[in-house]
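# A structural walkthrough
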Amino acid sequence: MFKHLSSLSPDPILGLLASYRADENPHKIDLGVGVYKDESGHTGVLQAVKEAETRLLQSEETKAYIGPAGTVGFNRAMQELILGADHPALAANRVRSAQTPGGCGALRVLAEFVNRAEPGATIWVSDPTWANHVPLLGNAGLQIKTYPYYDRASSSLRFEAMVEALSEVGRGDLVLLHACCHNPCGADLSRDQWRQLAQMAQKQGFTPFIDMAYQGFGEGLADDAWGLRLMAESVDEMLVAASCSKNFGLYRERVGLAMVVYGDAASADRGQSQLLNVVRGNYSMPPSHGAAIVESILSDAGLRANWEEELTEMRERINGLRLGLVENLAAAGASGDFSFIQRQKGMFSFLGITPEQVQRLQQEYSIYMVDSSRISIAGLSQSNMEYFCRAVASIL
Ligand code: LMR
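Residues numbered from 1 in each chain as written. Predicted model: local features only at pLDDT ≥ 70, side-chain atom pairs only at ≥ 80, totals over all residues. Heavy atoms only, no water.

## Observations concerning the nonpolar core
As a reminder, the rule being used: Joining through side-chain atoms within 4.5 Å is the link that ties buried Ala, Val, Leu, Ile, Met, Phe, Trp, Tyr and Cys residues into a set, and such a set is a nonpolar core. Each residue gets one of three labels from its accessible area relative to the maximum for its type: buried under 20%, exposed over 50%, partly exposed in between, using a 1.4 Å probe on protein chains only. Helix and strand definitions follow DSSP, with helices as H or I runs of at least four residues and strands as E runs of at least two, each counted in order from the N terminus. How far each domain reaches was decided by an automatic or database domain assignment. It only takes one pair of heavy atoms within 4.5 Å for two residues to be counted as in contact.
By size, the foremost hydrophobic cluster in this structure holds 108 residues, and its most contacted members are M78, L177, M231, W307, L325, M369 and F388. The leading source of residues in this core is helix 12 (residues 301-331), at 9 residues. Shared between two domains, this core takes at least three residues from each, and those domains are domain 1 (12-44 + 315-395) and domain 2 (65-299). When near neighbours in sequence (up to four residues on either side) are disregarded, W307 contacts L46, A48, L81, L221, N247, F248, I297 and L298. L137, L142, L176 and V260 belong to the second-largest nonpolar core, a separate cluster that totals 27 residues.

## Overview of helix 3 (residues 72-83)
Formally: Expected span of a helix: the number of residues minus one, times 1.5 Å.
If you check helix 3, its first and last C-alpha atoms are 16 Å apart, about what 12 residues at 1.5 Å a residue would give, namely 16 Å. Residues F74, N75, A77, M78, Q79, L81, I82 and L83 constitute the buried set of helix 3. One or two steps after helix 3, the chain reaches G84, where phi turns positive at roughly 90°.

## Let's talk about the sheet that holds strand 3 (residues 122-127)
Using the following cut-off: Criterion used throughout: strands pair if DSSP finds at least two bridges between them. Angles here are taken between N-to-C directions and fall from 0 to 180 degrees, while the axes themselves are lines fitted to C-alpha atoms, restricted in helices to the stretch in contact.
Read across the sheet, 7 strands follow the order 2-10-9-8-7-3-4 without closing on themselves; strand pairing throughout is mixed. Either end of the sheet is taken by a strand with one partner, and the two such strands are strand 2 (95-100) and strand 4 (143-148). The sheet shows a mean angle of 20° between the axes of neighbouring strands, taken without regard to direction. Pairing geometry for strand 2 and strand 10 (residues 256-261), over 6 bridges, is antiparallel. What sits directly across from T100, in strand 10, is G256.

## Some remarks on the pattern of salt bridges
Let me state the cut-off plainly: Salt bridges are defined as contacts in which a side-chain nitrogen from Lys or Arg sits within 4 Å of a carboxyl oxygen from Asp or Glu.
One pass over the structure, following the stated rule, counts 14 salt bridges. E386 serves as the salt-bridge partner of R390, at 3.3 Å between the closest nitrogen and oxygen. Here the residue R390 and the residue E386 both occupy positions in helix 15 (residues 385-395), the gap between them amounting to 4 residues, near one helical turn. One salt-bridge network, held together by shared partners, links E51, R55 and D300.

## Things to note about the packing of helix 12 against helix 15
Test applied: Any angle between 65 and 115 degrees counts as roughly perpendicular, while under 35 counts as roughly parallel, over 145 as roughly antiparallel, and the rest as oblique. By definition, turning the near helix anticlockwise from the far helix through less than a right angle yields a left-handed crossing, and turning it clockwise yields a right-handed one.
Direction vectors running N to C along helix 12 and helix 15 enclose 50°, while the axes themselves pass 9 Å from each other. One way to sum up the angle between helix 12 and helix 15 is to call them oblique. For the element pair helix 12 and helix 15, the recorded crossing hand is right-handed. Between helix 12 and helix 15, the contacting residues are L321, G324, L325, N328 and L329 on the first element and M385, F388, C389 and V392 on the second.

Structure follows, in structure tokens:
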């Protein structure tokens, strides 16, 4: 049965890790996978998470099943984190959700849910988008089309072209938007641009599908959700896939939320029964541990304050690195204008070099990044910044 299977090349993002680990150059730098690292290059466990885990260890009384939706407390806390506690959609009882194995689990469950409501529906994704969006959504049966989003030549948004491409998109189609910290390009929509898209969604009837993987990594927890919250006020129906991998540093625990905003409470109840049926037919129910940590942090004022401080520290370190990168590239004599890096948000930016130049950085300097020249900014530090910038200047 399996003899005829051909082998596939490694995932373009995850595959880099193996090459990086095997590299013996002491100066090697990993700017590949989107994992936050501190100044010493370590991805530590947040203190708030450690504390919540300690408490959990003491208080946990059972390992019995938690059910396809996960816990009520986690779902409620996450809905409020994403939408804001006083959002009108929550007040109108139009929101339902399920705890999922990471943001990927949320994307996949929501895609299958959409496919039940509108089989083979078209979802418009940004060009470029996170590479894994296409299999996660497409393998569930959705048709993928792209809209222009980022201009590599000028390192800026192609908003007019985006609006033009989406101007004919109507009811029955979905539009995937990144809530903040666009992966891979780091260029986010302004508030005016969100307003315009919300009006288009309202008028044309397409369904927004928002991926929120980096809440708190751009400008702050509420600011990063501003566009999403506006969208949820403007339309009847909307989907959100959220991840706790980055903002809680819970990567390997797999914690996420699949959230749906419905037109009314009765549709919400019917829809939720379908969503939970999708979950049951996939993995039956989500893992508990990571979500219990998140629930504990979000429901305890002290832990929450500690977490928010740690999140702010991560965000500010990335923003400091962005500024440092622009300055150090200039100091190293790198040709070109890299000031866009400072204007962009979150973990990623494109350096804007060719795949050949990316290969040279890897072969000659042991610097690892995705072929598209996407760099995960948190892999930089005060100690490797100069080495990195001199290497970039040399291959330009
Ligand atoms: C990334 O884009 O590097 C992260 O979202 C991790 C992943 O799974 O690709």
